[in-house]
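If you want the building blocks of each chain, they are given just below.
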Amino acid sequence: VCSSDLSVRTRMDARDGEIEAIAQAFDQLVDQLAHAAGVIFNRDADTVLCRIERGELLGGVLFTDYTGSSINLHVAGLKPNWINNDMLWATFHYAFVQLGCKVIMGRVSSGNSRALEFDKKLGFSEVARIDDVFPDGSLILLAMRREECRWLKLRPRHLKEPTHGQEELASAPA
């Protein structure tokens, strides 16, 4: 084994360790977000978009139960003012444009007035109510159709649309 091979291997091992540390930190953030949203996150099937500043998780959204035509949205804000226009655009662009969903759904307890108010301000409408689903009230099923979504008209400031072949949103250069 020559020294250059050993050097490359040591750097690769260090990089693998860094990647593993980043993956573990991200898993912790996703778990924190899922707990705050009151949902179990399936890493094999679900998607998360989150806003992080200076290493601190501010909030995010989790997408679950994608059917090819619809998806469920769960929201968790951990810090005040966590959501901005870029986050709104990314959330709805992902579901409606990238995935091609016709409708996004949300499930909220009637006892959670803050979440209901937030969701209705986003543009969701109540489509069904089922009594006694939650200890504190009924389940309210909310929905938003693509043609009702005003957030797709935004122009993101710090994000760019993926180009052909990209699957994730990329940060624009500052």
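So, how was this worked out
Residues numbered from 1 in each chain as written. Predicted model: local features only at pLDDT ≥ 70, side-chain atom pairs only at ≥ 80, totals over all residues. Heavy atoms only, no water. Helix = DSSP H or I, 4+ residues; strand = E, 2+ residues; numbered from the N terminus. Contact = heavy atoms within 4.5 Å. Areas by Shrake-Rupley, 256 points an atom, 1.4 Å probe, with all protein chains shown as cover. Phe/Tyr/Trp six-rings, centres within 6.5 Å; stacked < 30°, edge-to-face > 60°. Buried < 20%, exposed > 50% of the residue type's maximum accessible area, 1.4 Å probe, protein only. Patch = residues over 30% accessible without salt bridge, like charges linked within 9 Å, V, L, I, M, F, W, Y side chains within 5 Å. Salt bridge = Lys/Arg side-chain N within 4 Å of Asp/Glu carboxyl O.

### So, the overall build of the chain
So, step 1. Of regular secondary structure, the chain possesses three helices and eight strands.
So, step 2. For the chain, the α and β elements follow one another from N to C terminus as α-β-β-β-α-β-α-β-β-β-β.
So, step 3. For the chain, long-range pairs separated by at least 24 residues make up 55% of all intrachain contacts whose partners lie at least 6 apart in sequence.
So, step 4. For the chain, the exposed surface amounts to about 11,300 Å²; the carbon and sulfur share of it is 50%.

### A short note on the packing of aromatic side chains
So, step 1. Across all of its chains, the model carries three aromatic pairs by this definition.
So, step 2. On the numbers, 4.9 Å between centres and 50 degrees between planes, the contact of Phe63 with Tyr94 is tilted. Here Phe63 is found in strand 2 (residues 56-64), whereas its partner Tyr94 is found in helix 2 (residues 85-98), with 31 residues between them in sequence.
So, step 3. With relative accessibility at 1%, the residue Phe63 sits in the buried group.
So, step 4. Residue Tyr94 is classed as buried on the basis of its relative accessible area of 13%.
So, step 5. Geometrically, the ring pair formed by Phe92 and Phe124 is tilted, given 6.3 Å between the ring centres and 45 degrees between the ring planes.

### Focus: a nonpolar patch on the surface
So, step 1. Where nonpolar side chains cluster on the molecular surface, the patch consists of Ile130, Val133 and Phe134 and spans about 230 Å² of accessible area.
So, step 2. Tracing the backbone shows Phe134 in strand 5 (residues 125-134).

### A closer look at the pattern of salt bridges
So, step 1. Per the stated rule, a full pass over the model turns up eight salt bridges.
So, step 2. In this structure, Arg43 and Asp31 form a salt bridge, with 2.7 Å as the shortest nitrogen-oxygen distance. Placement of the pair is Arg43 in the loop between helix 1 (3-37) and strand 1 (47-53) and Asp31 in helix 1, with a sequence separation of twelve residues.
So, step 3. Overall, the relative accessible area of 42% leaves Asp31 in the partly exposed class.

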